[in-house]
Amino acid sequence: MAGMSPLFGREARNARKDPAGRTVTLIAKPGCHLCDDARTVVRRVVDDLGARFEEMDITRDKELHDRYWEQIPVVLIDGEQHTFWRVDEGRLRRGLGA
């Protein structure tokens, strides 16, 4: 469809996948209150939908640090950046296909 944003197309493709087969990655750092808030939302969503959860510490990985330092917390779905700073529960659910 002409004029449709790439984001809409990606979310539409993701909506066709089973949430239980997806992986949500939280890239965070110790002592980060936004990371704590994001973790709470992500955990609630993945526990509810059966998605896999993993967390990566940006202070222990130079590549992650160089790429995401100014955006943390960062949430990836199946390795693709979904959001950063604040996690919207409804948007995360939609991104997982729920």
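Scroll up to find the structure this text is about.
Rules of the game
Residues numbered from 1 in each chain as written. Predicted model: local features only at pLDDT ≥ 70, side-chain atom pairs only at ≥ 80, totals over all residues. Heavy atoms only, no water. Phe/Tyr/Trp six-rings, centres within 6.5 Å; stacked < 30°, edge-to-face > 60°. Buried < 20%, exposed > 50% of the residue type's maximum accessible area, 1.4 Å probe, protein only. Pairing = 2+ DSSP bridges. Helix = DSSP H or I, 4+ residues; strand = E, 2+ residues; numbered from the N terminus. Axes fitted to C-alpha atoms, helices over the stretch in contact; angles between N-to-C directions.

Draft legend 1. Region of the structure containing the packing of aromatic side chains. In this structure the tally under the stated criterion is one aromatic pair. Seen from their ring centres, Phe84 and Trp85 are 4.7 Å apart, and the 70° between their planes marks the pair as edge-to-face. A relative accessible area of 31% means that Phe84 is categorised as partly exposed. Classification of Trp85 as partly exposed rests on a relative accessible area of 43%.

Draft legend 2. The sheet that holds strand 2 (residues 52–57), seen in detail. Taken in spatial order, the four strands of this open sheet run 2-1-3-4, and their pairing is mixed. On the outer flanks of this sheet lie strand 2 and strand 4 (80–84), each paired with one strand and no other. Ignoring which end each strand starts from, the neighbouring axes of this sheet average 25° apart. Pairing of strand 1 (residues 23–28) with strand 2, which is carried by six bridges, proceeds in the parallel orientation.

These figures come from the coordinates and say nothing about function on their own.
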